[in-house]
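# Examination of the molecular architecture
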Protein chains: 2
Amino acid sequence: MRMSQAAEDSWIGHFRGLERLDREVQETLVARSRYVSVPAGTVVFGPGKSPENLLLLLEGTVRVQQTSESGREIVLYRVHAGESCVLTTACLLAYENHAAEGVAETDVKAVMIPRTVFDELVARSESFRTFVFSAYARRITDLFHVIDEIAFQRMDVRLAQKLIELSRGADTVKATHAVLATELGTAREVISRQLQEFQRRGWVEQSRGTIRLTDRAALEGLGQDG
Amino acid sequence: MRMSQAAEDSWIGHFRGLERLDREVQETLVARSRYVSVPAGTVVFGPGKSPENLLLLLEGTVRVQQTSESGREIVLYRVHAGESCVLTTACLLAYENHAAEGVAETDVKAVMIPRTVFDELVARSESFRTFVFSAYARRITDLFHVIDEIAFQRMDVRLAQKLIELSRGADTVKATHAVLATELGTAREVISRQLQEFQRRGWVEQSRGTIRLTDRAALEGLGQDG
DNA sequence: ACCGGTCGGTGACATTGTTACCGAAACCGT
DNA sequence: ACGGTTTCGGTAACAATGTCACCGACCGGT
């Protein structure tokens, strides 16, 4: 058995972009990080909780959302398995009053990298830097996309897209109107109205807490032609 | 005359966070960067133009905005003198289709740091890393703020805030209704309506291309009590 | 069965976005 | 100065979205 066995078999393989790291760097990562497992619903980071760690997700998803003063919420993006919560690395060093919070949407298994180790690796490894900045780019692109949508897209188009996204290939979406409203940063009544219209057209069927997509093609088509 | 004279007298002093760099690092920065001066209106970066440099602004401001498919625009944030265009560093390595573009709003003097030097300094200097990540945090916070506003704030409040921001203490704002619409990501007609209402209340006076703020207190008060 | 909380429905209304115009003011070349 | 062009702002009708107040149906527990 070679010494590097541990590193090779470790969680590193979950992350495209980390595999390319030097073996030595990989070993540092594995040795100095900590495995955590949190149940669904846990607030992973948020206002007040200064996150002293970079989180790399092995399993599950984390929903990052923002709450306005008036109490309304909007989902900014999701961090999936194989991705990292890089934005916290920036937020923790400067402006602590970032109103965004991260919530474990499912049971989550992850690896925590302490800030000091993160900093050391950014210094030591070009591949790690690429990994970090790519992750940043991904998130920032997501934010641009969110801004574009809420500023310029029609509600019906956004809802249709979101339903398809949340269905993930299945034919039903388990979500209350209120949850969908949060996803899109709008009010529950607006969602109810839109879903009624979709139902009237035969695109969906509703029951308490779930929505059946009966005409996926029509929903997808909304974006194209209008 | 000491060797470090050049570094000490250089543009480094414009940037809080760079002064703390080791002298050696400062000298690298000064030696390997390039001074540029561009006239107002120049597109500094944008879709298609892969920015191979980090920009540090010495004078002027750069407006970063996004254009939707439908042609409407929204201003995301501004980069002022003493700040940097860090987001481009991320965008240039990963997703090139970022729809955001940067426009010189005034004549701009800046320093360009090539990507390779940027990378080298991130590796070498802890202070430089702090500088970079702080700049990121600042921008990301700005984006969160934009999202919060367009999703949850009333138009009149946003317009009042924007007028005050653009006045910068003066009592007139030089901007067309169309420009203000772009600032807030809305339509020109909406701005015209709101300004008429402001005028009716005696808060502003309008003439072609300029708006006089005649009751700043009232405009500021809009946010507080509603 | 009762109770409290969640979920969705509804109607009236306010705000914002869209469309399609219009005339006035500034700009420009001759 | 003149006429043509562009930019700027105004207007009205309408569509879409957000807000408010309320309601009954359903769900879980006891």
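Residues numbered from 1 in each chain as written. Chains lettered and ligands numbered in written order. Predicted model: local features only at pLDDT ≥ 70, side-chain atom pairs only at ≥ 80, totals over all residues. Heavy atoms only, no water.

## Here's the deal with the interface of chain A and chain B
Condition: By definition in these notes, contact holds between two residues if any of their heavy atoms fall within 4.5 Å. The quantity reported as buried area is the accessible area (1.4 Å probe) lost by two parts once they are put together, taken as the sum for both. By definition, a salt bridge exists where a carboxyl oxygen of Asp or Glu is found within 4 Å of a side-chain nitrogen of Lys or Arg. Each polar contact in these results corresponds to two N or O atoms within 3.5 Å; when the atoms are within protein, one needs to be able to donate a hydrogen and the other to accept it, and residues that are neighboring in sequence are counted only if both atoms are side-chain atoms. Only DSSP runs of H or I reaching four residues or more are called helices, and only runs of E reaching two or more are called strands; each is numbered from the N terminus. Charged means Asp, Glu, Lys or Arg here, nonpolar means Ala, Val, Leu, Ile, Met, Phe, Trp, Tyr, Cys or Pro, and polar covers whatever is left, Gly included.
Taken residue by residue, the interface counts 39 residues in chain A and 39 residues in chain B. Here chain A packs against chain B, burying approximately 3,600 Å² in sum over the two surfaces, 75% of which is carbon and sulfur. On the chain A side of the interface with chain B, the three residues burying the most area are A:Phe133, A:Phe144 and A:Phe152, jointly 21% of the side's total. Residues A:Asp119 and B:Arg129 are paired through a salt bridge, measuring 2.9 Å at the closest nitrogen-oxygen approach. Across the contact surface, chain A and chain B share four residue pairs in polar contact (both at pLDDT 80 or more). Counting residues per element, the side of chain A that touches chain B draws most heavily on helix α5 (residues 126-152) of chain A, at 19 residues. For the side of chain A that touches chain B, the per-class residue count stands at 24 nonpolar, eight polar and seven charged.

## Quick look at the protein's contact with DNA strand D
Worth spelling out the cut-off: Being near a molecule or strand, for a residue, means having at least one of its heavy atoms within 4 Å of it.
The local shell around DNA strand D holds 17 residues, among which A:Arg72, A:Met155, A:Thr186, B:His177 and B:Arg208 are the closest. Sugar and phosphate atoms constitute 56% of the interface atoms of DNA strand D, taking the interface as everything within 4 Å of the protein. Between DNA strand D and A:Gln194, the relevant distance is 2.9 Å, taken from a phosphate oxygen to a side-chain nitrogen or oxygen of the residue. Counting only elements with at least two residues in the surface near DNA strand D, the list comes to α8 (188-200) of chain A together with α8 (188-200) of chain B. When the residues that make up the surface near DNA strand D are grouped by side-chain class, the tally is two nonpolar, seven polar and eight charged.

## Structural notes on the domain arrangement of chain A
All names here are of chain A. Basically, it comes down to this: Residue ranges for the domains trace back to a domain assignment, done automatically or taken from a database.
If you check the domain split of chain A, you get domain 1 (5-150) and domain 2 (153-225). Just the C-alpha atoms count here: the centres of domain 1 and domain 2 sit 29 Å apart. In this complex, domain 1 contributes ten residues to the contact, which on the side of domain 2 involves twelve residues. In this assembly, domain 1 packs against domain 2 so that about 810 Å² is buried in total across both faces, 37% of it on carbon and sulfur atoms. For domain 1, the biggest contributors to the area lost against domain 2 are Arg 72, Arg 78 and Glu 149; these three give 54% of the whole. If you look at where domain 1 meets domain 2, you find two salt bridges.

## Section: the protein's contact with DNA strand C
Surrounding DNA strand C, one finds 17 residues, the nearest of these being A:Arg208, B:Arg72, B:Met155, B:Thr186 and B:Glu189. One of the side-chain N or O atoms of A:Arg188 is found 2.8 Å from a base nitrogen in DNA strand C. Mapped by element, the contributors of at least two residues to the surface near DNA strand C are α8 of chain A together with α8 of chain B. Class assignment of the residues belonging to the surface near DNA strand C gives a composition of two nonpolar, seven polar and eight charged.

## What about the relation of the copies chain A and chain B?
To keep things clear, this is the line we draw: Superposition of the copies was done by least squares, using only C-alpha atoms of residues whose pLDDT is at least 70 in both.
Overlaying chain A on chain B yields an RMSD of 0.1 Å, the required transformation being a rotation through 180° with an accompanying axial translation of 0.0 Å. The superposition operator between the copies reduces to a two-fold rotation axis. It is A:Ala123 whose C-alpha, among those of chain A, lies nearest the rotation axis, at 2.0 Å.

## Notes on the sheet that holds strand β8 (residues 172-174) of chain B
Residues and elements named next belong to chain B. Here is the rule we go by: At least two bridges found by DSSP between two strands is the condition for calling them paired. Axes, fitted as lines to C-alpha atoms, cover a helix only where it is in contact. Angles between the N-to-C directions of the axes lie from 0 to 180 degrees.
If you walk across this open sheet you meet the three strands as β8-β10-β9, and the pairing is antiparallel. Taken across any chain shown, the strands that pair with only one partner, and hence form the sheet edges, are β8 and β9 (204-207). The sheet shows a mean angle of 20° between the axes of neighbouring strands, direction not considered. Taken together, the four bridges between β9 and strand β10 (residues 210-213) define a ladder with antiparallel strand orientation. Bridge pairing in β10 links Gln 206 to Ile 211. Of the strands in this sheet, β8 and β10 are in contact with helix α6 (residues 155-167), which crosses β8 at around 90°.

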